[in-house]
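Fold and geometry: a report
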Amino acid sequence: MTTAPLSLEHIIKPATIEQDKTPVLFMLHGYGSNEEDLFSFAPELQKELCIISVRAPYPMQPYGNAWYAINFDAEKGKWSDDEQAAESVQKILNFIDEACNTYNLDKDNVTLLGFSQGAILSYATAISYPEKVKNVIALSGYINENLIDKLKTDKDPSKLNIYASHGSVDQVIPVSWAQKTPNYLKNLGITCTYEEYPIGHGVAPQNFYSFKEWLSTKI
């Protein structure tokens with residue numbers, strides 16, 4: 001049986017422990033990267049998970065991909081294209097449905113693992129459409145309130161489980177932006193684990209083991 005190609009390029013690691021319902025983890029990479037980046041985590045994560053690493057839809061030059069444009073113009077200052085980000089949230093939602101149907105995955109046990117721009121979109125997707133997502137692992141990102149306001153769903157996200165971490169010397173996304181996360185989520189009734197590590201814009205080994213252990217209690 002052949003299936004139509006899914007709407008976003010991706011690579012997949014099937015679960016190696018079979019269950020009636022297979023939980024799934026979607027990986028969303030950062031700005032200028034691709035689906036290979038976070039996929040290096042896949043062999044070390046829980047064997048009952050199907051892991052799908054997704055390529056962002058907008059190619060960059062000379063290489064890499066983005067979920068939405070970031071302008072670095074000195075005159076205008078640094079800004080994000082929230083309109084394009086909102087479109088990418090819809091693309092992610094569509095892809096979750098497609099992948100769950102195509103690969104026979106548990107739609108009620110979906111985890112998003114995002115890094116940087118991928119973390120920003122993981123927050124926005126889960127908070128705005130909590131019926132589609134169970135868990136979020138947000139690495140080196142922040143909550144873009146303007147994007148969430150733009151999506152305007154006003155659904156109750158209080159059942160989400162969120163793990164967030166950030167480098168205390170991150171020079172790409174200031175740690176002060178990430179430090180606002182726990183209070184924002186608390187006001188929505190969301191349980192959150194927030195951790196900082198003495199690194200820059202990346203994931204320390206102890207950070208990986210921490211979110212892996214956290215995830216083992218959530219899937």
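Since the structure is predicted, the reported quantities are computational estimates derived from the model, not experimental observations. (Residues numbered from 1 in each chain as written. Predicted model: local features only at pLDDT ≥ 70, side-chain atom pairs only at ≥ 80, totals over all residues. Heavy atoms only, no water.)

A short note on the pattern of salt bridges
Selection rule: The working definition used for a salt bridge is a side-chain nitrogen of Lys or Arg within 4 Å of a carboxyl oxygen of Asp or Glu. Working definition: helices are DSSP H or I runs of at least four residues, strands are E runs of at least two. Numbering for both runs from the N terminus. The rule is simple: take the accessible area with a 1.4 Å probe, protein chains only, and divide by the maximum for that residue type; under 20% is buried, over 50% is exposed, in between is partly exposed.
By the definition in use, this model includes four salt bridges. Among the salt bridges present, the one from Glu 35 reaches Arg 55, with a minimum N-O distance of 3.0 Å. In this pair, Glu 35 is assigned in the loop between strand S2 (22-28) and helix H1 (36-39) and Arg 55 in the loop between strand S3 (50-54) and strand S4 (58-59), connecting sequence segments 20 residues apart. Judged by relative accessible area, Glu 35 falls into the buried class, the value being 7%. Accessibility expressed as a relative area gives 29% for Arg 55, which makes it partly exposed.

Notes on helix H3 (residues 117-128)
Applicable threshold: Expected span of a helix: the number of residues minus one, times 1.5 Å.
In this model, H3 (twelve residues) spans 17 Å end to end at C-alpha, consistent with the 16 Å of a helix rising 1.5 Å per residue. Burial runs high along H3: twelve of the twelve residues are buried. Among the residues making up H3, those that are buried are Gln 117, Gly 118, Ala 119, Ile 120, Leu 121, Ser 122, Tyr 123, Ala 124, Thr 125, Ala 126, Ile 127 and Ser 128.

Considerations on the sheet that holds strand S9 (residues 135-139)
The condition is simple: In this scheme, strands are said to pair when DSSP sees at least two bridges between them. Every axis corresponds to a line fitted to the C-alpha atoms, with the helix fit spanning only the stretch in contact, and the corresponding angles, defined between N-to-C directions, vary from 0 to 180 degrees. In this analysis, two residues are considered to be in contact whenever any of their non-hydrogen atoms come within 4.5 Å of each other.
Judged by pairing direction, the sheet is mixed, and its seven strands sit side by side in the order S1-S3-S2-S8-S9-S10-S11 without closing on themselves. Looking at the sheet topology across the chains shown, the edges are occupied by strand S1 (10-13) and strand S11 (191-197). Taken pair by pair, the neighbouring strands of this sheet meet at an average axis angle of 15 degrees, ignoring direction. Examined bridge by bridge, S9 and strand S10 (residues 161-167) share five bridges and lie parallel to one another. From the neighbouring strand, Leu 139 faces S10, where its bridge partner is Ser 165. This element, H3, spans S2, strand S8 (105-115), S9 and S10 of the sheet and lies at about 140 degrees to S8.

Overview of the environment of Tyr 197
Residue position: Tyr 197 is located in strand S11. Given a relative accessible area of 11%, Tyr 197 falls into the buried group. For the pair Tyr 197 and Gly 167, spaced 30 residues apart in sequence, the C-alpha to C-alpha distance is 4.9 Å. Filtering out sequence-adjacent residues up to four positions away, Tyr 197 remains in contact with Tyr 163, Ser 165, His 166, Gly 167, Ser 168, Gln 206, Asn 207 and Ser 210.

Observations concerning the packing of aromatic side chains
Inclusion rule: Pairing of aromatic rings covers Phe, Tyr and Trp, the last counted by its six-membered ring, and requires centre-to-centre distances within 6.5 Å; plane angles under 30 degrees mean stacked, over 60 mean edge-to-face, and any other angle means tilted.
According to the stated counting rule, one finds eight aromatic pairs in the structure shown. Judged by centre distance (4.9 Å) and plane angle (75 degrees), the ring pair of Tyr 142 and Trp 177 falls under edge-to-face. With Tyr 142 in the loop between S9 and helix H4 (145-151) and Trp 177 in helix H5 (residues 175-178), the pair connects residues that are 35 residues apart, well separated along the chain. A relative accessible area of 15% means that Tyr 142 is categorised as buried. Taking relative accessible area as the criterion, Trp 177 reaches 38% and is therefore assigned partly exposed.

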